[in-house]
Each structure stands twice: as C-alpha cells, then as structure tokens.
Amino acid sequence: MEVKVFKDYDELSQQAADEVINLVKQKNDAVICFASGNTPLGTCQWIVKKAMTEKIDFSKCSFIGLDEWVGISPDNSGSCRFFFYENLFKPLQMADAQIFLFDALATDLNNECRKMDNVVAEKRGIDLMIVGIGINGHIGFNEPGVDPNLLSYAIDLHESTKAVGQKYFTGATELAQGITLGLDHLMNSKKVILMANGKSKSEVIKKAIKESVTEEMPASIMQKHKNGFVFIDEEAASLL
Ligand code: GLP
C-alpha cells in the first residue's frame, strides 16, 4: 500500500480522475468500481471534464456501483444510483448495458448479491476500485467486525452509519440495511484507491493505515493490498 498526500481536495480529485482517464486510455474496456458519497464527487466532475477535453471514449467500459442503501428508491436524490447517474453516467452518456448497480428495491437481496458477483466474475475482475472511508472505518458497507472474506452481501447498518448517512438525504430517512461488495472483491481488484479528505477523516485515516490490520477497522485491510493506494489531502493526513 502506498500513501499519497495532496495539497487539497481539488488536487486529490484531479489525481484520482487521472487514474481513471489513464486506465481507460490504456484499456478501453476497463471495469471500474466506484463508491458514491461526498468524497468522490470532485473526482467524477474531473473525469467528466477531462473526458470531454481529451475526447476519451467510455463506451466500452463497465461501471460497478460499490454499494447502495437498501429500500431507497432510485429517484431519491440520496441514493447511490441517483448520484452515479447525475454525476457520471448521464454526463458521460453511458448506456445502461455498461452499468451494474445493486437494485435497492429487490425483494431477494441474496439474488442481487449473486448477480453482482457473477458480473465481476464474467468481466474477469475489477481493474480499478475507487472507494471512500466512513468515520467508523467502513468501506462501502463493510462495517466494523465484518468477515473480510465475503463477496457481495446485505448487512444491518451500524447506528453511526445510519446517522452520518442522513447527510445525503433531503429529509429524515429511515436507513436500516446496506448492500455492498465485500472486502474479498476489494482484495481481488487489480488496483484500489481509497480516498479521503478533510479534518473529519484524519483520525480514521490514522487508525486505518498506521495501526494494526483488524476486522474492527475494515479499511485497515488496504495495508495488505499489493496494488493499494491511499489518496488523501493534507487535512486528512494531519495526524500521520
Ligand atoms: C458511506 C458509503 C461509503 C462511502 C462512505 C464515506 O456510508 N457507504 O461507500 O465511501 O460512507 O462517504 P463520504 O465520502 O460521503 O464521506
């Protein structure tokens, strides 16, 4: 695992966007997995800008969504699906056939998970995963204490995740479960970039990358990834 510290959020976002753009230039059918949330928003915006100015063809790529809030409708602006369509898929004019997202309203969540695992297997793995980190150390919805050997699964969310998650929604929203790619997918991805910015992430970043690897701190598994990178701004790096 390698840690790269950037001056501020914009520089961090540009560098992460360059990773995606350079990958697609080299491999036009790249398989890319993204987290939604506040952290990757700037990255999405830079990808769109660079794709337009550099005329990058995304039409053969595949995009996999890392996670989703179970029971939240796709037209809810707080859903991960909404985020991806608004910030990435519509601006890049991507076709639905390229997009693989969990269906938050599926009645059989286990089946949703197996479908996603099959997508990853059929595409021969994920080339690049860009993930964020929750203040309790989760990646996607891999909450503290979870088995790191899981593929996709649904999970009851921790209280802090339900509370912090309210920031994505316009009104108070009941959040109970999440559906997510498990850490086995992360460890098998050819490259992973964990991004974090701001003072509020400095404590969890220190625990995740400077302390021991433990299931209680899911993001600490990044330390074991052979092609894992942690991209952070100076504020998130302030306790290192
Ligand atoms: C959320 C999501 C994660 C996301 C993380 C950090 O709960 N499940 O996929 O990476 O928390 O979010 P943010 O980037 O908004 O801080």
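Attention in this report is confined to the structure presented alongside it. Computed from a predicted model, the values in this text were never measured in an experiment.

On to helix H1 (residues 9-26), then. Under the 1.5 Å per step criterion, the end-to-end length of H1 is 26 Å for 18 residues, consistent within 8% with the ideal 26 Å. Those residues of H1 not exposed but buried are Leu 12, Ser 13, Ala 16, Ala 17, Glu 19, Val 20, Ile 21, Leu 23 and Val 24. Check the buried side of H1 and you find it contacts strand E1 (2-6), strand E2 (31-34), helix H2 (41-53), strand E6 (128-131), strand E9 (192-196) and strand E10 (228-233).

A few words now on unusual backbone geometry. Negative phi values dominate among residues other than glycine, just as trans dominates among peptide bonds. A positive phi angle, near 50°, is found at Lys 55, a position not held by glycine. Position of Lys 55 among the secondary structure elements: in the loop between H2 and strand E3 (62-65). Overall, the relative accessible area of 71% leaves Lys 55 in the exposed class. With phi around 60°, Arg 124 is a residue other than glycine that occupies positive phi space.

Before going further, it helps to examine a nonpolar patch on the surface. On the surface, Met 1, Val 3, Val 5 and Leu 240 cluster together into a nonpolar patch covering about 300 Å² of accessible area. Note on placement: Val 5 falls in strand E1.

A separate point is helix H4 (residues 109-122). Compared with an ideal rise of 1.5 Å per residue, which puts 14 residues at 20 Å, H4 spans 20 Å between its outermost C-alpha atoms and is within 8% of the ideal. Within H4, the full set of buried residues consists of Leu 109, Glu 112, Cys 113, Met 116, Asp 117, Val 119 and Val 120. For H4, the angular spread of the buried residues around the axis is 155°, confining them to a single face. Set apart from the buried face of H4 by more than 90 degrees, the exposed residues are Ala 121 and Glu 122.

Strand order in the open sheet formed by 7 strands is E1-E10-E9-E6-E2-E3-E5, with parallel pairing between adjacent strands. The open sheet has two edge strands, E1 and strand E5 (99-100), and neither has a second partner. Bridge count between E2 and E3: 4 bridges; the pairing is parallel. Each residue of the ladder has a partner; that of Val 31, found in E3, is Ser 62. Lying on the sheet, helix H3 (residues 80-89) is in contact with E2, E3 and E5; it crosses E3 at an angle near 150°.

Let us now look at the packing of H2 against H3. The geometry of H2 relative to H3 is characterised by a closest axis approach of 9 Å and an angle of 35° between their N-to-C directions. Along its contact with H2, which presents Leu 41, Cys 44, Ile 47 and Val 48, the element H3 presents Phe 83, Asn 87 and Leu 88. Of the residues that constitute the contact of H2 with H3, the class distribution is 6 nonpolar, 1 polar and no charged.

Cut-off values and rules
- Residues numbered from 1 in each chain as written.
- Predicted model: local features only at pLDDT ≥ 70, side-chain atom pairs only at ≥ 80, totals over all residues.
- Heavy atoms only, no water.
- Helix = DSSP H or I, 4+ residues; strand = E, 2+ residues; numbered from the N terminus.
- Expected span 1.5 Å × (residues − 1).
- Buried < 20%, exposed > 50% of the residue type's maximum accessible area, 1.4 Å probe, protein only.
- Contact = heavy atoms within 4.5 Å.
- Patch = residues over 30% accessible without salt bridge, like charges linked within 9 Å, V, L, I, M, F, W, Y side chains within 5 Å.
- Areas by Shrake-Rupley, 256 points an atom, 1.4 Å probe, with all protein chains shown as cover.
- Salt bridge = Lys/Arg side-chain N within 4 Å of Asp/Glu carboxyl O.
- Arc of directions from axis to C-beta.
- Pairing = 2+ DSSP bridges.
- Axes fitted to C-alpha atoms, helices over the stretch in contact; angles between N-to-C directions.
- Nonpolar A, V, L, I, M, F, W, Y, C, P; charged D, E, K, R; others polar.

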